[in-house]
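Next come the chains, spelled out residue by residue.
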Amino acid sequence: MNILYAASEALPFAASGGLADVAGSLPKALVEAGEDARVVMPYYVNNIKPELKEKMTFITNFTVPVGWRSQYCGVFMQKMNGVIYYFIDNEYYFKRDGGLYGYYDDAERYVFFSRAVLEMLRHIDFHPQIINSNDWQCALIPVYHNLFYKNEWGFGDIKNVFTIHNIGYQGQYGLDLVKDIVGIPPHNVNIIEYDRDINFMKGAIEVADKVTTVSPTYSREILDPWFSHGLDRILRSKQYKTTGFLNGIDTDLYNPETDDTIAAKFSARSHKGKQACKSAIFEEFGMPQYDIPLIAMISRFADHKGFDLVKYVFDEIISVDVQVVILGSGEQQYENFFQEMHWRYPDKVGFYRGYNPSLAKRIYAGADIFLMPSKSEPCGLAQMIAARYGTVPVVRATGGLRDSIVDAGDNGIGFTFQSYNAHDMLNAIRRAKGYYDNKSEWSKLVTRAMKADFSWGTSAKLYIGLYKELCGG
Amino acid sequence: MNEFYEFESWDKLDEIRLILNRLNVRYVVHRHDDEEFSYLNDNEICVKIPNPYTDDTNRTVFIDLQDEISLFFGAEWHAHYYLTEEDYREFCETLSGFMKNELCSAAVFIGEDLHWGGSMLADRKSVSEKSAEEIFAGNTPSDANDFKQSWEEKGAEVRFRFWNPKDDKMVVFERKR
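Computed from a predicted model, the values in this text were never measured in an experiment.

1. Examining the sheet that holds strand E13 (residues 294-301) of chain A
All names here are of chain A.
Right, on to step 1. Pairing within the open sheet is parallel, and its six strands lie in the order E15-E14-E13-E16-E17-E18. The strands lining the two open edges of the sheet, one partner per strand, are strand E15 (349-353) and strand E18 (415-417). Strand-to-strand, the axes of this sheet are offset by a mean angle of 15 degrees, without reference to chain direction.
Right, on to step 2. Where E13 lies against strand E14 (residues 323-330), eight bridges are found, and the strand directions are parallel. When the sheet's bridge partners are listed, Phe 301 is paired in E14 with Gly 330.

2. Points about the packing of helix H11 (residues 272-285) of chain A against helix H15 (residues 357-366) of chain A
All names here are of chain A.
Right, on to step 1. Relative to each other, H11 and H15 sit at 130 degrees, their axes nearing to 7 Å. Judged on the interaxial angle alone, H15 and H11 are oblique. Along this stretch, H11 crosses H15, giving a crossing that reads as left-handed. Contact residues: Lys 274, Cys 277, Lys 278, Ala 280, Ile 281 and Glu 284 in H11; Arg 362, Ile 363, Ala 365 and Gly 366 in H15.
Right, on to step 2. Its residues assigned to classes, the contact of H11 with H15 shows five nonpolar, one polar and four charged.

3. Some remarks on the interface of chain B and chain A
Right, on to step 1. Between chain B and chain A, the residue contacts involve 12 residues of the former and 10 residues of the latter.
Right, on to step 2. Broken down by secondary-structure element, the contributors of at least two residues to the side of chain B that touches chain A are helix H1 (13-22) and strand E1 (28-30) of chain B.
Right, on to step 3. Residue contributions to the side of chain B that touches chain A peak at six residues, all from H1 of chain B.
Right, on to step 4. A per-class count over the side of chain B that touches chain A returns six nonpolar, two polar and four charged.

4. Some thoughts on helix H1 (residues 18-32) of chain A
Residues and elements named next belong to chain A.
Right, on to step 1. Taking 1.5 Å of rise per residue, the 15 residues of H1 would be expected to cover 21 Å, and the 21 Å separating its terminal C-alpha atoms lies within 8% of that figure.
Right, on to step 2. The buried fraction of H1 amounts to 12 of the 15 residues, a majority that puts the element mostly inside the structure.
Right, on to step 3. Those residues of H1 lying buried are Leu 19, Ala 20, Asp 21, Val 22, Ala 23, Gly 24, Ser 25, Leu 26, Pro 27, Lys 28, Ala 29 and Leu 30.
Right, on to step 4. Looking at the buried side of H1, the elements it contacts are strand E1 (2-6), strand E2 (36-42), strand E5 (83-89), strand E6 (130-134) and helix H20 (456-470).
Right, on to step 5. Gly 34 sits one or two positions beyond H1 and adopts a positive phi of about 100 degrees.

5. Some remarks on unusual backbone geometry
Trans is the common state for peptide bonds, and a negative phi is the common state for residues other than glycine.
Residues and elements named next belong to chain A.
Right, on to step 1. Put simply, Leu 11 and Pro 12 share a cis peptide bond, and its omega is 10 degrees.
Right, on to step 2. Examined against the element boundaries, Pro 12 turns out to sit in the loop between E1 and H1.
Right, on to step 3. Even without a glycine there, the phi angle at Asp 135 is positive, about 60 degrees.
Right, on to step 4. Position of Asp 135 relative to the elements: it lies in the loop between E6 and helix H5 (140-149).
Right, on to step 5. Judged by the 26 C-beta atoms lying within 10 Å of it, Asp 135 falls in the buried class.
Right, on to step 6. Phi at Arg 196 is positive, roughly 60 degrees, even though this residue is not glycine.
Right, on to step 7. For Arg 196, the position within the fold is in the loop between strand E9 (193-194) and strand E10 (197-199).

6. Topic: the domain arrangement of chain B
All names here are of chain B.
Right, on to step 1. When the domains of chain B are assigned, the result is domain 1 (9-99) and domain 2 (103-173).
Right, on to step 2. On a C-alpha basis, the centres of domain 1 and domain 2 stand 25 Å from each other.
Right, on to step 3. With 12 residues of domain 1 in contact, the opposing surface of domain 2 contributes nine residues.
Right, on to step 4. Taken together, the residues that form the side of domain 1 that touches domain 2 break down as five nonpolar, five polar and two charged.

7. Topic: the environment of Val 207 of chain A
Residue and element names in this part refer to chain A.
Right, on to step 1. Summarising the element assignment, Val 207 is placed in helix H7 (residues 200-207).
Right, on to step 2. Sequence separation between Val 207 and Ala 460 is 253 residues; the distance between their C-alpha atoms is 23 Å.
Right, on to step 3. Excluding its chain neighbours within four sequence positions, the residues that come into contact with Val 207 are Pro 142, Val 143, Asn 146 and Ile 191.

8. Describing the environment of Ala 365 of chain A
All names here are of chain A.
Right, on to step 1. Here Ala 365 is to be found in helix H15.
Right, on to step 2. For Ala 365, a count of 30 C-beta atoms within 10 Å corresponds to the buried category.
Right, on to step 3. Residues Ala 365 and Gly 390, 25 residues apart in the sequence, show an inter-C-alpha distance of 7.1 Å.
Right, on to step 4. In this structure Ala 365 touches Pro 256, Ile 262, Lys 274, Cys 277 and Tyr 389, once residues within four positions along its chain are discounted.

Quick notes on the rules
- Residues numbered from 1 in each chain as written.
- Chains lettered and ligands numbered in written order.
- Predicted model: local features only at pLDDT ≥ 70, side-chain atom pairs only at ≥ 80, totals over all residues.
- Pairing = 2+ DSSP bridges.
- Helix = DSSP H or I, 4+ residues; strand = E, 2+ residues; numbered from the N terminus.
- Axes fitted to C-alpha atoms, helices over the stretch in contact; angles between N-to-C directions.
- Parallel < 35°, antiparallel > 145°, perpendicular 65-115°, else oblique.
- Left-handed = near helix turned anticlockwise from the far one by under 90°.
- Contact = placed C-beta atoms within 7 Å.
- Nonpolar A, V, L, I, M, F, W, Y, C, P; charged D, E, K, R; others polar.
- Expected span 1.5 Å × (residues − 1).
- Buried ≥ 20, exposed ≤ 12 C-beta atoms within 10 Å, placed from the backbone.
- Domains from an automatic or database assignment.

Shown next as structure tokens:
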């Protein structure tokens, strides 16, 4: 089966969040499962490392309609890990000095990209049966396909899957953009119109053959206004075609048996090296090591990650007799708070402000407990990475956290709490501490966590099943 | 832009796609780098609509988006439209009419060798209610009897071709000996 995976970012080329992980891993897993999956993404000239750009080959160029404009579009190609990547090139749109997003013309940039993906298909030797578009940046691909291409030879048999990674970003703009940028005729604006604005994501939900989210629980949660960021009405009406598959992690990249960045290698059979990793963390953070659990948090500091709960009961967490290391950056209030806690409890709290992937891995390897009390979490990868490194997750049962972490009381691999409540979280930490104090039980729990299958293989099978269902077999 | 040139023809491609999608008609978009379409210039486009009812190439529709819009219904009928909104509207109505089987091409072939004697657009109602002579007469200064007389003198075939051939009609005028 031929699958084109359209994403605005993909590892290792350009990344700003979890989408890049998925776009860098799922197609690879699909190829390993025998499918011809390819990725198309923008050619971010200034964001892609030179050594990766060097290996790209120019294939073709053509023009792309963007509202009343006709814009140049080049296509480059590169094969990596068995997956062919296409890069949509237009320096006006994608050669920027800053990050990937956040520009005044983001709507126009991704209108161009969406249209270019479809136009590209008549110029390359690949005919997809499925286009899997991701998040608002690619949400107009199914819309344009439905409006302009579905009856054109070569396009008619393409099925559209739209995946929501984060419903918080929908591509909402004023209606004035329709004529100037989006290029959808007035009598079809209803497809993308929502609450007197245009909403790219709503358009995709409206017309895609299937809508997927990154975990089964999240696919149900977004039907509720608490989680939906306003899209619950349209999602409820399209519930019949919505489903959720849990993401996986790259188990080669996150492998304590082969990871050279950690102090000592270890495996599910032998946890010895994990102790060395724990000692290394204390050394790195300049903290004394006690025989108590080390709790880790690695995250962006944002309210929905549950930091308000942590802040509310932090002194009580410390009184449980644990040590804590935190790596992250984000909202100033939390950066200041953790800095202050580090000063208040210098032997119990270590804090690293910023993001350091290598240190993050060392923390995953060295900690005992991984705390992730998110208010909402579409999928979450950190809890899976933590488990892979034998660090037992304590999570709130929401979204992908609910789907990936079963409570130890049910023979699972972590500790969960249901309500978004600081003391419920605290109780989960206390339960974890109780397990930790029973060394034999804890060792069994760590082994179970490390053996849990978070590879992409399972997700890939589910996606292939969905694709086959759409293609009629 | 002048009075015959209010827009670029190729800018109408998306609108034409929408019409064809609405009519559930499948089509192919060709550009100058496609084989057999090298007559097109850089931005020019040809939309080819193969007939799903028959392999008869005389029933394929071609829309050329060049410095005018040209609509071809096989080899027997075609029309050219200025790039004005008024002409474009007429083009859209004609295209839709063909696809809905409400319009057809009416072509007359004269004499024993059936040489082409002219063609026009006819609507289903006229084809079913009027004679061929009346249909053609309505589009020229002549009256119906003049047509009948000239066709009967040399013999003629009048072919009404629809998008779906099930509605086709042919009228034969035998030569008077």
